[in-house]
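Commentary on secondary and tertiary structure
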Amino acid sequence: MALNATTINELALHLDSAERQAHAVHKITDDFPEMDWADAYAIQDAIRELQRQRGVRIAGLKMGLTSSAKMRQMGVVEPIHGFITDYGAVADGGEIDTGTLIHPKVEAEIAFVTNRPLRGPGCHIGEVLAATEFVLPAVEIIDSRYEDFRFDLKSVIADNTSSARYVLGGRTLRPQGLDLRNLGVVMARNGRVVATASAAAVLGHPAQSVAMLANMLGARDRDIPAGTLILTGGVTEAIAVEVGDNINVRFQHLGSVSMRFV
Ligand code: 0L1
Ligand code: MG
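Structure report, in brief. (Residues numbered from 1 in each chain as written. Chains lettered and ligands numbered in written order. Predicted model: local features only at pLDDT ≥ 70, side-chain atom pairs only at ≥ 80, totals over all residues. Heavy atoms only, no water.)

1. A word on the overall build of the protein chain
Here is the rule we go by: Strands here mean DSSP runs of E at least two residues long; helices mean DSSP runs of H or I at least four residues long; both are numbered from the N terminus. All radius of gyration figures rest on C-alpha atoms, and the globule criterion is 2.2 Å times the number of residues raised to 0.38. Per-residue accessibility, obtained with a 1.4 Å probe over protein chains only, is compared with the maximum for each type, and a residue is labelled buried under 20%, exposed over 50%, and partly exposed between these values. In what follows, residue pairs with any heavy atoms lying within 4.5 Å of each other are defined as contacts. For accessible areas, the Shrake-Rupley method is used with a probe of radius 1.4 Å. Any residue's cover is judged against the shown protein chains and nothing else. Charged-residue counts in this description rest on Lys and Arg as positive and Asp and Glu as negative, His and the chain ends being excluded. By convention, charge coordinates are those of NZ in Lys, CZ in Arg, CG in Asp, or CD in Glu.
A tally of regular secondary structure across the protein chain gives six helices and 13 strands. Taking 18 Å as the expected radius of gyration for a compact globule of 262 residues, we find that the protein chain reaches 17 Å, a close match to that expectation. Judged by the C-alpha coordinates and their principal axes, the protein chain covers about 50 × 45 × 35 Å. The proportion of buried residues among the 262 residues of the protein chain is 52%. Put simply, of all contacts in the protein chain between residues at least 6 apart along the chain, 76% involve residues at least 24 apart. When the accessible area of the protein chain is evaluated, it comes to approximately 11100 Å², of which 49% is carbon and sulfur surface. Once the 25 positive and 31 negative side-chain charges of the protein chain are each reduced to a mean point, those two points are 6 Å apart.

In structure tokens, the structure reads:
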């Protein structure tokens with residue numbers, strides 16, 4: 001690691017406060033170019049700890065940058081991971097207060113809930129599917145704390161992968177018998193289609209994203225506990241939203257998820 005514990009805690013406070021005040025900041029590697037990957041995840045962990053200390057419940061995990069288009073765009077070969085919180089949950093059909101966010105974008109995702117622990121290295125798609133209690137449709141609202149979404153990968157890992165809000169649909173299905181890879185998704189903003197995709201956009205199969213998460217955590221001597229909710233990454237590109245926008249996403253076999261930005 002290149003940063004000391006004091007700097008890591010100061011950067012965690014800085015990003016946590018940017019989130020709470022819905023105030024954009026410049027990317028932290030501008031001031032700390034020597035920051036390495038371990039520092040980036042250590043800052044994310046320190047934010048998690050800060051939040052836990054003030055009573056926030058960690059509601060699950062998320063993978064980001066899982067589509068090859070987004071990875072190419074960022075010049076990376078591996079996705080990134082973060083966590084989601086209790087205060088990030090918005091009911092399906094609910095309202096999202098844009099006043100609490102900086103510049104939100106929405107992305108359609110497949111969520112998994114596990115029923116036994118998963119641990120890498122060597123976790124594979126078969127193990128993930130066998131350990132999946134159900135899948136459900138989701139929309140993640142990302143909101144980078146960095147000005148104009150201008151960041152590099154280390155800065156965005158530290159910023160908990162732009163995690164902000166998420167909406168889960170109510171229809172759950174067991175993965176057995178479901179062709180998750182070819183599941184179609186249509187996103188509409190104010191009634192007009194703005195993105196379409198197949199779930200294969202996520203690493204060829206969204207269960208692959210969960211396997212990769214288990215392997216990435218395994219490298220840090222952690223696992224995915226049983227009963228974990230996991231957002232597997234955007235199948236569609238992220239779409240910017242504004243006050244007054246209605247978002248509706250239809251997932252083949254899994255129903256719809258909707259929300260309004262107020
Ligand atoms: O969930 C995501 O894929 C977001 C990853 C962070 C990059 C971004 O803010 O677009
Ligand atoms: Mg996402």
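2. Digging into the sheet that holds strand 13 (residues 255–261)
How we decide: Strand pairing is assigned whenever DSSP detects at least two bridges linking the two strands.
Pairing in this open sheet of five strands is mixed, and the strands run 4-13-12-8-9 from one edge to the other. This sheet does not close on itself; its edge strands, each paired only once, are strand 4 (95–96) and strand 9 (192–198). Of the strand pairs in this sheet, strand 4 and strand 13 are connected by two bridges, and their pairing is parallel. Bridge pairing in strand 13 places Glu95 opposite Arg260.

3. Focus on the coordination of the magnesium ion (ligand 2)
Our working rule: Only nitrogen, oxygen and sulfur atoms within 2.8 Å of the metal, or 3.2 Å for Na, K and Ca, are treated as donors, and water is left out, so sites may look incomplete.
Within the protein, the atoms that donate to the magnesium ion (ligand 2) are Glu107 (OE), Glu109 (OE) and Glu140 (OE), at distances of 2.0 to 2.1 Å. Donor residues for the magnesium ion (ligand 2) sit on one chain with the sequence pattern E-x1-E-x30-E. A residue pair is termed long-range when its members are at least 10 positions apart, and Glu109 in strand 5 (residues 105–114) and Glu140 in strand 6 (residues 132–142) qualify at 31 residues. Taking relative accessible area as the criterion, Glu109 reaches 0% and is therefore assigned buried.

4. Examining the packing of aromatic side chains
Stated formally: Each Phe, Tyr or Trp ring (for Trp, its six-membered ring) is paired with any other whose centre lies within 6.5 Å, and the angle between the two planes then decides the class: stacked below 30 degrees, edge-to-face above 60, tilted in between. By definition, being over a ring means that NZ of Lys or CZ of Arg is both within 6 Å of the ring centre and within 35 degrees of the ring normal.
One pass over the structure, following the stated rule, counts two aromatic pairs. Summarising the aromatic geometry, the rings of Phe149 and Phe151 are spaced 6.3 Å apart at their centres and angled 55° between planes, so their arrangement reads as tilted. Over the ring of Phe149 we find Lys105; its NZ or CZ atom is 4.0 Å from the centre of that ring. Against the face of Trp37 rests Lys154, its NZ or CZ located 5.0 Å from the ring centre.

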